[in-house]
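In case you want the letters, here they are:
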Amino acid sequence: MPKVLIADKMDPKAAQIFRERGVEVDEITGKTPEELIAIIGEYDGLAIRSSTKVTKAILAAATNLKVIGRAGIGVDNVDIPAASAQGVVVMNTPFGNSITTAEHAIALMFALARQLPEADASTQAGKWEKNRFMGVELTSKTLGLIGAGNIGSIVADRARGLKMKVIAFDPFLSPERALELGIEKVELDDLLARADFITLHTPLTDQTRNILSAEALAKTKKGVRIVNCARGGLIDEAALKAGLDSGHIGGAALDVFVEEPAKASPLFGTPNFVSTPHLGASTTEAQVNVAIQVAEQMADFLVAGGVTNALNMPSLSAEEAPRLKPYMALAEKLGSLVGQLTHGAIARISVHAEGAAAELNQKPIVAAVLAGFLRTQTDTVNMVNAPLLAKERGIEVREVRTEREGDYHTLLRVSVKTDAGERSVAGTLFGDSAPRVVELFGIKVEADLAGHMLYVVNEDAPGFIGRLGTLLGTAGVNIGTFHLGRRSAGGEAVLLLSIDDAVTPELLAQVRALPGVKTAMGLAF
Ligand SMILES: NC(=O)C1=CN([C@@H]2O[C@H](COP(=O)(O)OP(=O)(O)OC[C@H]3O[C@@H](n4cnc5c(N)ncnc54)[C@H](O)[C@@H]3O)[C@@H](O)[C@H]2O)C=CC1
Ligand SMILES: O=C(O)CCC(=O)C(=O)O
């Protein structure tokens with residue numbers, strides 16, 4: 001039974017779903033990295049929010065880990081390249097907390113417009129400072145969105161309901177989508193010059209880090225009010241403090257900080273500064289949503305092989321998974337076969353799906369071919385890191401589909417291009433489930449690829465099979481299955497034999513010494 005660790009506080013629905021789906025679950029929150037390292041080795045899955053930082057060191061100790069599920073959107077607390085390199089799938093829940101976070105941005109906008117936190121503190125301190133707190137209306141003001149994805153779009157919708165004019169800077173926002181959202185797409189400088197309120201809704205990337213730098217803040221309208229519910233690091237905090245102190249910035253509300261947890265900040269205590277401790281996603285509704293979603297996604301993966309919302313692997317629904325499973329087995333075997341039979345640098349691997357195979361999701365099939373192929377070179381490869389490893393090794397990967405059936409109802413062909421040219425192997429599924437190789441470098445065969453195998457290429461001549469059989473019998477090698485194919489009578493022939501034990505170097509030397517043998521190799525699947 002797969003075992004999952006819930007390492008951050010999560011709605012109890014998550015644990016309930018894991019159990020219902022046959023996944024054992026431990027909830028151990030608030031651990032230090034060292035404590036997590038000590039226990040992570042026993043888990044197949046790790047469910048987190050934003051508190052747990054999944055570093056290289058934690059991954060190195062996570063020897064059984066197959067999936068990390070982030071109950072939320074941002075995955076900047078997970079070292080995704082390290083997870084991918086280790087073959088661990090990383091999933092998030094991209095929509096479950098968007099409305100909640102958008103509402104928090106709107107709440108903070110109101111808090112700034114009416115100085116609600118300061119007015120509250122003053123009133124509860126018995127001061128009744130009615131004249132001190134003069135606010136502004138949101139109606140007719142210009143809201144500048146930086147980032148108009150899921151959350152930005154919801155903020156835009158709510159702001160339009162509040163009769164604000166919404167402009168947005170987002171290089172990836174299409175004019176059609178802007179029109180649909182009823183917002184004006186602008187350049188950043190234009191937004192800075194026109195916005196009365198600015199809210200940020202982008203991930204933290206090299207392009208967005210300090211997008212509100214000292215220079216950008218200097219271009220804003222005097223009195224601008226700024227809200228960041230996305231990620232710390234989008235705003236230069238020192239420049240923000242200077243802008244608030246000088247009065248150029250009329251107010252700022254941060255839910256997120258460069259350093260979290262933010263227990264001390266020069267911004268704390270600054271007039272017109274409002275802060276919350278990364279509460280954007282903290283509503284009952286959002287937490288139930290993300291807990292259910294992350295548990296279902298992780299259970300789908302661990303129990304049925306379904307992949308949803310993965311950041312480092314192609315999607316594969318739990319419904320598709322059973323249909324794809326035999327194809328993935330075939331793809332891995334074909335990849336492994338060409339990997340074992342090919343020497344030297346590989347320039348390209350092409351995966352060609354024909355007939356029924358062409359109707360399927362090709363991404364997992366291609367990843368399985370690459371994993372099978374690369375496993376002949378490294379042990380640490382799986383479907384998650386295989387495309388990355390192939391890229392690192394300079395292998396071009398091609399995907400081809402032909403829906404028309406050829407000789408077989410369904411066929412996968414894997415071709416490798418090396419300095420010596422291009423060669424291919426092909427396989428089909430018998431009864432839609434049993435993988436069989438049906439072509440080996442242009443020679444028709446029909447073999448299951450399983451266990452230990454002896455591969456021999458020889459000149460087709462009478463008596464050869466008898467001599468080989470005698471040699472194997474004398475060497476005490478038991479033959480399980482025997483598959484034969486030839487290019488033409490008297491031409492090149494190929495033999496694939498399954499045997500009980502691994503082929504020894506001594507046996508190979510004897511086989512290679514038989515008259516007519518061109519190549520002999522031991523294979524393992
Ligand atoms: N405070 C909190 O508790 C929460 C924070 N978040 C954060 O909110 C942010 C936005 O989330 P979503 O809207 O779901 O993400 P999304 O991926 O749907 O939208 C992000 C938008 O940013 C845009 N973008 C990317 N690079 C840009 C650039 N250089 N300049 C301008 N725009 C750029 C993208 O085109 C996209 O439209 C994420 O960082 C997420 O982690 C999300 C949920 C809760
Ligand atoms: O889980 C949380 O409280 C933080 C949510 C968040 O930042 C996100 O989903 O990106």
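Residues numbered from 1 in each chain as written. Chains lettered and ligands numbered in written order. Predicted model: local features only at pLDDT ≥ 70, side-chain atom pairs only at ≥ 80, totals over all residues. Heavy atoms only, no water.

By the naming in an unreviewed UniProt entry, the protein chain goes by D-3-phosphoglycerate dehydrogenase and is assigned to Sphingomonas echinoides. As stated in UniProt under Function (unreviewed entry), the record for the protein chain gives "Catalyzes the reversible oxidation of 3-phospho-D-glycerate to 3-phosphonooxypyruvate, the first step of the phosphorylated L-serine biosynthesis pathway. Also catalyzes the reversible oxidation of 2-hydroxyglutarate to 2-oxoglutarate." (UniProt positions renumbered as here; feature names shortened; annotations may be inferred.)

J.: Got a minute to help me understand the site of ligand 2 in this structure?
T.: The immediate surroundings of ligand 2 are formed by R49, S50, R70, G72, I73, G74, N97, R231, H278 and A281. In this structure, an oxygen atom belonging to ligand 2 sits 2.7 Å away from a side-chain N or O atom of H278. If ligand 2 stood free it would expose 290 Å²; the protein chains cover 91% of that surface. Considered class by class, the residues forming the shell around ligand 2 number two nonpolar, five polar and three charged. (Near = heavy atom within 4 Å. Polar contact = N/O pair within 3.5 Å; in protein donor to acceptor, adjacent residues only side chain to side chain. Areas by Shrake-Rupley, 256 points an atom, 1.4 Å probe, with all protein chains shown as cover. Nonpolar A, V, L, I, M, F, W, Y, C, P; charged D, E, K, R; others polar.)

J.: Looking at this structure, I do not really get the site of ligand 1. What am I missing?
T.: Taken together, 26 residues lie near ligand 1, and N150, I151, D170, C229 and D255 sit nearest. With respect to ligand 1, the backbone of G74 contributes an N or O atom lying 3.4 Å from an oxygen atom. G280 places a polar main-chain atom, nitrogen or oxygen, 3.5 Å from an oxygen atom of ligand 1. Taking 860 Å² as the accessible area of ligand 1 by itself, protein coverage stands at 86%. Along the lines of polarity and charge, the residues of the shell around ligand 1 split into eleven nonpolar, twelve polar and three charged.

J.: Even after reading the chapter, I still don't get the sheet that holds strand β3 (residues 45-48), so can you show me in this structure?
T.: Note: strands within a sheet are paired through backbone hydrogen bonds, in either parallel or antiparallel orientation. A sheet is described by the order of its strands in space; here five strands give the open sequence β2-β1-β3-β4-β5, paired in parallel fashion. Strands with a single pairing partner mark the edges of an open sheet, and in this sheet they are β2 (24-27) and β5 (89-91). Sheet twist, expressed as the average angle between the axes of neighbouring strands with direction ignored, equals 15°. Against the sheet, helix α12 (residues 284-304) engages β1 (3-6), β3, β4 (67-70) and β5, with an angle of about 165° to β4. (Pairing = 2+ DSSP bridges. Helix = DSSP H or I, 4+ residues; strand = E, 2+ residues; numbered from the N terminus. Axes fitted to C-alpha atoms, helices over the stretch in contact; angles between N-to-C directions. Contact = heavy atoms within 4.5 Å.)

J.: Even after reading the chapter, I still don't get the side chain of T402, so can you show me in this structure?
T.: Within the fold, T402 resides in strand β14 (residues 396-402). Given the relative accessible area of 18%, T402 is considered buried. Leaving out residues up to four positions away in the same chain, T402 has contacts with H352, A353, E354, G355 and A358. (Buried < 20%, exposed > 50% of the residue type's maximum accessible area, 1.4 Å probe, protein only.)

J.: How should the environment of A60 be read in this particular structure?
T.: Here A60 lies in helix α3 (residues 56-61). Looking at A60, the relative accessible area reads 56%, which means it is exposed. Sequence-wise, A60 and N97 are 37 residues apart; in three dimensions their C-alpha atoms are separated by 30 Å.

J.: Mind showing me how you'd approach the pattern of salt bridges here?
T.: Pairing between side chains of opposite charge can happen when the charged atoms of each approach one another. This structure, assessed with the given rule, holds 26 salt bridges. Of the charged contacts, one joins R194 and E184 as a salt bridge, the two residues approaching to 3.0 Å between their closest N and O atoms. Here R194, found in helix α9 (residues 188-194), pairs with E184, found in strand β8 (residues 184-185); they are ten residues apart in sequence, far enough to count as distant. Note on R194: relative accessible area 27%, which makes it partly exposed. Salt bridges linked by common partners bring K165, E184, D190 and R194 together as one network. (Salt bridge = Lys/Arg side-chain N within 4 Å of Asp/Glu carboxyl O.)

J.: Looking at this structure, I do not really get the sheet that holds strand β22 (residues 517-524). What am I missing?
T.: Across the sheet, which stays open at both edges, the four strands sit in the order β20-β21-β19-β22 with antiparallel pairing between neighbours. Sheet topology places β20 (479-486) and β22 at the edges, where each strand pairs with a single neighbour. Along the sheet, successive strands turn relative to each other by an average axial angle of 15°, direction set aside. In this structure, strand β19 (residues 452-459) lies alongside strand β21 (residues 492-499), joined through eight bridges in antiparallel fashion. Bridge pairing links E459 to E492 in β21. Sheet contacts for helix α16 (residues 464-474): β19, β20, β21 and β22; angle to β21, the most-contacted strand, approximately 25°. Contacts between helix α17 (residues 505-512) and the sheet are confined to β19 and β22, with β22 contributing the most and set at about 155° to the helix.

J.: I would appreciate a short explanation of the UniProt feature "domain: D-isomer specific 2-hydroxyacid dehydrogenase NAD-binding" (unreviewed entry) in the protein chain in the present structure.
T.: Under the UniProt annotation, the feature "domain: D-isomer specific 2-hydroxyacid dehydrogenase NAD-binding" (unreviewed entry) is placed at residues 106-280. The annotated region residues 106-280 carries 33% helix and 17% strand content, and the separation between its end C-alpha atoms amounts to 11 Å.

J.: I keep staring at unusual backbone geometry and nothing clicks. Help me out?
T.: In most cases, non-glycine residues show a negative phi, while peptide bonds are predominantly trans. The omega angle of the peptide bond from E260 to P261 is -5°, so this bond is cis rather than trans. Non-glycine residue N210 carries a positive phi angle of around 55°.

J.: Would you mind going over the packing of aromatic side chains with me for this structure?
T.: Two descriptors summarise a pair of aromatic rings, namely the distance from one centre to the other and the angle between the planes of the rings. A full pass over the atoms with the stated rule returns one aromatic pair. Ring centres of F257 and F268 lie 5.9 Å apart, and the angle between their planes is 80°; on these two criteria the pair is classed as edge-to-face. On the criterion of sequence distance, the pair formed by F257 in the loop between β11 (249-254) and β12 (273-275) and F268 in the loop between β11 and β12 is long-range, its members being eleven residues apart. Judged by its relative accessible area of 7%, F257 is buried. You can call F268 partly exposed: its relative accessible area is 33%. (Phe/Tyr/Trp six-rings, centres within 6.5 Å; stacked < 30°, edge-to-face > 60°.)

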